[in-house]
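Structural overview
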Amino acid sequence: MSLNSLKDVYVDQLQDLHSACRQSHAVMDSLKEAAKNEELRSALGAGKDGIADGLNHLEALIKSHGADPKGEHCKGMEGLVAEAKAHGLNQDFGNDDARDAMIITQYQRMAHYAIAGYGCCAAFANRLGLTEDAATLGEMLDASWSGDRHFSGIAQGQVNKAAAE
């Protein structure tokens, strides 16, 4: 597909973000199962719910522009999910707290990819005068930032300290 306008770029990036969210959503149960810290497990469950909410919003936005939500495959998130599996799930750890620290690291890398995607798409929607799209994307961006800060708080408050001991 040829991208000839900002609107084309916008829809393409919505589809890419939808793919990214689908892929990160799929690994969340495995990360939650591997985590030992209860606050982290709870946050991973909430993160999965947030990703599902984002998927629903993205699907509606993409369809409202006459496009297929599954029209793209995000290779960037494919790599991040592979890294999460390799380093957070398949890596040998002698310490559950160290694994939890790694799980937070991998989750936040995936979250930061989503933050970048939501931010770009919100900026495109604003420029295109799509105020409702921009508002929805802004809410998803804010939710992603909030989740990221929550994971940082878990890391700094408990997990990193326990992993360092």
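Report on the accompanying structure. (Residues numbered from 1 in each chain as written. Predicted model: local features only at pLDDT ≥ 70, side-chain atom pairs only at ≥ 80, totals over all residues. Heavy atoms only, no water.)

**Considerations on the overall build of the protein chain**
Put simply, the test is: Runs of E in the DSSP output that reach at least two residues are strands. Runs of H or I that reach at least four are helices, and both are numbered from the N terminus. Each radius of gyration reported is based on C-alpha atoms, and the globular scaling rule is 2.2 Å times the count of residues to the power 0.38. Only protein chains enter the accessibility calculation, which uses a 1.4 Å probe; a residue whose area is less than 20% of its type maximum is buried, one above 50% is exposed, and one in between is partly exposed.
For the protein chain, the helix and strand inventory stands at 5 helices and 0 strands. Its helices and strands taken in sequence order, the protein chain reads α-α-α-α-α from the N to the C terminus. For the protein chain, the C-alpha radius of gyration of 17 Å lies close to 15 Å, the compact-globule estimate for 165 residues. Once the C-alpha set of the protein chain is aligned to its principal axes, its extents read approximately 55 × 25 × 20 Å. Among the 165 residues that make up the protein chain, the fraction classed as buried is 41%.

**Observations regarding the environment of A26**
Topologically, A26 is positioned in helix α1 (residues 6-34). Looking at A26, the relative accessible area reads 61%, which means it is exposed. In the structure, A26 is positioned 22 residues away from K48 in sequence and 8.7 Å away in space, judged by C-alpha atoms.

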